[in-house]
Amino acid sequence: MLKRALPTVAVIADAHFHDLEADFGFDRVKVEARKITMRSWAETRKSTRVFNESADAFLAALAEVRRRGIRHVVLLGDYTDDGQRATTGALRDILDEHSAFGMSFYALPGNHDIFGPQGRHHTKQFLDCAGRGVLVTSDVKRAGSGVTVSDRMYCEGYPTGLHPMAGFGYFRKPEYLHWETPFGMSDAAEDRQYEVASPDGRNRYNMMDASYLVEPEPGLWLLMIDANVFEPVNGVYEWGDEAAFIDSTSGGWNAMLRCKPFVIPWIADVCARAERLGKTLLAFSHYPVLDPFDGATGAEGALFGETNIARRTPRRAVERALLAAGLSLHFSGHLHVEGVTRRGSGDRSLTNVAVPSLVAFPPAFKIAHPGEGNVAVETVELSGLPVHPRLRNAYEREAALLGEEPDDAFSAPSYGAFLRAHKRALVSHRYFPEEWPPAIVERVADLTLEEIACLFTGESAGSAPKLSALGQASAIDIAELGRLPMIELVADWYCLRQGASLALAHIEESRLPLYRFLADRFGCEPQTCHDSPEKGFVAIFLGALGLFLERAGNSQAHIVVQSNPAGKTLRRDRQRKTG
């Protein structure tokens, strides 16, 4: 008798759906005779994600899933822009429409979808009918001239924020073959509570955990882990006050070990039962359980201090706990990064598959193909999508009103090119002013790559025989370094950090040898000393560039994870083609 094939599962992370049709009560910008609820470019270029393009990207991903006949879709957290009531309701309607096509969705909350037990206010800038920025807030305390107050902007807390998404895994449905939580078989919110307290014990809460295990079809278990942790801080606060908690953004699995330790034995029990019963187990949470940058974050800490990336890196204790629990394969989102990380050996190994976002470079989602003893993981990139002309027109109008030149992103020929140009804008409007040391920015931001190299040879650009000799030995034309601004390398550095192998096709082929030359000749480990701060900074920066290039060259868009208990090993597929 033939064994029934296991169903394919699509995994979409960080869709950050923003509803262009949402009505927050202000006179919206009109583009091509249609009013839309549009976020400003002034805010977009400071954000690690784009907003207005999210709906098109999400619908395109769902269309591709439907075209392939995939019935099961995991939403790996941050499925909404920021958990606004209006946005979550609109997303629910889209999922309901696609459910009518035979698709089933299994959701997990991310840090942007829900907040604590009470929720929190949001204030966002949109474009009004004149194309100028206007503030919309859910907080009546911020009411004033030019500010619109709408309770539809509010982000709910647990469990209220889950109710619009109740039909997408969080609660039991008759068609599920099996469904449970860490607390048992009940899906009632009051039966899924855990206690969490501040270190001084004065700020104490019973919170809901939204984790669940579901068997949608025979033989396939989806372990959906709610890794949101809202950790109370010391002191006395009004119940549910936003200030009473550490935001879950930087907590992740490090905070899980402190505040939700009950999840680990549940994972161990599920893994043991899956092996005993012959179930194929796929585990998911919004946050990575292993460093998706595979160790390259050490250089980032030396360069920029404790950035968001550094704070969000899971510690070795997480790895040890999950290896001991027997978990072998986990999918994560949150960091908008492409990457596969493996730890352990023999019959104790753990693989974390980091799923990119739909609204940051590079835009992609994953497809898991469970098989006999293994799971094939495919990457589907969305870079070839068009960017709607109406959005470009509105951005251009906004720039004109601000007296600015149109950004290169506005004329990008594709969605991938738009997001790469957005990354360049981030360098000028977020990374340089917020993360880089000001003295370093002032010294190197306007240099060419030839001038950067001359920092190390002690020469002047245009008259650098030592550099020319180094270039000749590596088959590098130094004149090409002189034509490329440092800011272009910086933008590509961030693209390679986030995109790994997916970034290579988007970076001009002529640049890659130049980048490798600089990294090989002048890059260094974070611990290396230099005779000047700017030289030391650039050397570590170039050393990280070398790590990113190596990681990109060694990773593939498609992999196969062997899931048999006798030897869980990672085999990388040689195929580089994306779906």
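Quick look at the structure, then. Just so it is clear, the model here is predicted, and its values are computed rather than measured.

What follows covers the nonpolar core. Of all hydrophobic cores here, the largest spans 182 residues; its most connected members are Trp253 and Trp436. In this view, Trp253 contacts Ile225, Ala227, Ile264, Ile267, Ser285, Tyr287, Pro288, Val289, Val318, Leu322 and His330; residues no more than four positions away in its chain are not counted.

All right, on to the pattern of salt bridges then. Evaluation of the coordinates by the stated rule reveals 35 salt bridges. Across the pair Arg258 and Glu231 runs a salt bridge, and its minimum N-O distance is 2.8 Å. A residue pair is termed long-range when its members are at least 10 positions apart, and Arg258 in helix 5 (residues 252-259) and Glu231 in strand 14 (residues 231-232) qualify at 27 residues. The class of Arg258 is partly exposed, set by a relative accessible area of 47%. Relative accessible area serves as the criterion here: at 14%, Glu231 is assigned to the buried category. Between Arg511 and Asp492 there is a salt bridge, with the nearest N and O atoms lying 2.9 Å from each other. Residue Arg511 is found in helix 18 (residues 511-522), and its partner Asp492 is found in helix 16 (residues 486-499); the two are separated by 19 residues along the sequence. Judged by relative accessible area, Asp492 falls into the buried class, the value being 1%. Linked through salt bridges whose partners overlap, the residues forming this network are Arg39, Glu43, Arg49, Asp81, Asp82 and Lys124.

Along strand 19 (residues 348-354), six of the seven residues are buried, which leaves the element largely enclosed by surrounding structure. Strand direction decides the pairing type here: strand 17 (residues 329-332) and strand 19, joined by four bridges, are parallel. Across the sheet, the residue bridging to Phe331 is Val353, located in strand 19. Between the antiparallel neighbours strand 18 (residues 339-345) and strand 19 lie two residues, among them Gly346 with a positive phi of about 60°.

Here we take up the sheet that holds strand 17. Strand order in the open sheet formed by seven strands is 9-12-13-16-17-19-18, with mixed pairing between adjacent strands. A single partner strand is all that each edge strand has here, and the edge strands are strand 9 (178-180) and strand 18. On average, each strand axis in the sheet is inclined to that of its neighbour by 20°, with strand direction left out of account. The pairing of strand 12 (residues 212-217) with strand 13 (residues 220-225) spans four bridges and is antiparallel. Each bridged residue has a counterpart across the sheet, and for Leu213 the counterpart in strand 13 is Leu223. Its contacts with the sheet place helix 6 (residues 263-277) against strand 9, strand 12, strand 13 and strand 16 (280-285), and it is angled at close to 175° to strand 13. Together, strand 18 and strand 19 form the strand contacts of helix 9 (residues 316-325), whose direction differs from that of strand 19 by roughly 120°.

Read across the open sheet, the three strands follow the order 6-7-8; overall the sheet is mixed. Each having just a single partner strand, strand 6 (123-127) and strand 8 (147-149) make up the two edges of the open sheet. Within this sheet the neighbouring strands show an average axis-to-axis angle of 30°, counted without direction. Bridge analysis of strand 7 (residues 133-137) against strand 8 gives three bridges, and the strand direction is parallel. Across the sheet, Thr137 pairs through a bridge with Val149, a residue of strand 8.

Quick look at the packing of aromatic side chains now. In total, this model carries 32 aromatic pairs according to the counting rule given. Measuring from ring centre to ring centre gives 4.9 Å for Phe456 and Phe522, while their planes differ by 15°; the resulting arrangement is stacked. With Phe456 in helix 13 (residues 449-457) and Phe522 in helix 18, this pair connects stretches of sequence that are 66 residues apart. Assigned by exposure class, Phe456 and Phe522 land together as buried. Judged by centre distance (6.1 Å) and plane angle (85°), the ring pair of Phe517 and Phe522 falls under edge-to-face.

Turning our eyes to something else, we now look at helix 3 (residues 85-99). A rise of 1.5 Å per residue sets the reference length of helix 3, with its 15 residues, at 21 Å; its end C-alpha atoms lie 21 Å apart and thus fit the reference within 8%. Those residues of helix 3 lying buried are Ala86, Thr87, Thr88, Gly89, Ala90, Leu91, Ile94, Leu95 and His98. Against helix 2 (54-67), strand 4 (72-76), strand 5 (104-108) and helix 4 (166-170) lie the buried residues of helix 3.

Quick look at the side chain of Thr88 now. Following the sequence through the fold, Thr88 ends up in helix 3. The exposure class assigned to Thr88 is buried, which follows from its relative accessible area of 6%. Setting aside anything within four residues of it in sequence, one finds Thr88 in contact with Thr80, Gly83, Pro164 and Met165.

A separate point is unusual backbone geometry. With glycine set apart, most residues show a phi of negative sign, and most peptide bonds adopt trans. In this structure, the amide linkage connecting Tyr158 to the following residue, Pro159, adopts the cis form with an omega of -10°. With an omega dihedral of -5°, the bond running from Phe361 to Pro362 counts as a cis peptide bond. As for its placement among the helices and strands, Pro362 is situated in the loop between strand 19 and strand 20 (364-370). We note that Ala475 has phi near 60°; this positive angle belongs to a residue other than glycine. Structurally, Ala475 is set in the loop between helix 14 (465-473) and helix 15 (478-483).

So, on to the pairing of strand 1 (residues 9-12). Side chains Val9 and Val11 project from strand 1 onto one buried face, and the interleaved Ala10 and Ile12 project onto a second face that is buried too. When strand 1 meets strand 20, the two strands line up antiparallel, connected through three bridges. From the neighbouring strand, Ala10 faces strand 20, where its bridge partner is Ile367. Where strand 1 meets strand 4, four bridges bridge the pair, whose relative direction is parallel. Looking at strand 4, one finds that Val9 is bridged to His72.

The subject of this paragraph is the packing of helix 13 against helix 14. The N-to-C vectors of helix 13 and helix 14 enclose an angle of 110°; their axes lie 9 Å apart at closest approach. Classified by the interaxial angle, the pair formed by helix 13 and helix 14 is roughly perpendicular. Facing helix 13, whose interface residues are Glu450, Ala453, Cys454 and Thr457, helix 14 presents Lys466, Leu467 and Leu470. Of the residues belonging to the contact of helix 13 with helix 14, the class tally is four nonpolar, one polar and two charged.

Count 3.6 residues to each turn of an α-helix, and residues three or four apart come out pointing the same way. For helix 7 (residues 297-304), the complete set of buried residues consists of Thr297, Ala299, Glu300, Leu303 and Phe304. In a view along the axis of helix 7, the buried residues occupy a sector of 150°, so they form one face of it. Looking at the buried residues of helix 7, the elements they touch are helix 8 (308-311), helix 11 (415-435), helix 16 and helix 19 (533-554). Phi turns positive one or two residues past the end of helix 7, at Gly305, with a value near 80°.

Thresholds applied
- Residues numbered from 1 in each chain as written.
- Predicted model: local features only at pLDDT ≥ 70, side-chain atom pairs only at ≥ 80, totals over all residues.
- Heavy atoms only, no water.
- Core = buried A, V, L, I, M, F, W, Y, C linked by side-chain atoms within 4.5 Å.
- Buried < 20%, exposed > 50% of the residue type's maximum accessible area, 1.4 Å probe, protein only.
- Contact = heavy atoms within 4.5 Å.
- Salt bridge = Lys/Arg side-chain N within 4 Å of Asp/Glu carboxyl O.
- Helix = DSSP H or I, 4+ residues; strand = E, 2+ residues; numbered from the N terminus.
- Pairing = 2+ DSSP bridges.
- Axes fitted to C-alpha atoms, helices over the stretch in contact; angles between N-to-C directions.
- Phe/Tyr/Trp six-rings, centres within 6.5 Å; stacked < 30°, edge-to-face > 60°.
- Expected span 1.5 Å × (residues − 1).
- Parallel < 35°, antiparallel > 145°, perpendicular 65-115°, else oblique.
- Nonpolar A, V, L, I, M, F, W, Y, C, P; charged D, E, K, R; others polar.
- Arc of directions from axis to C-beta.

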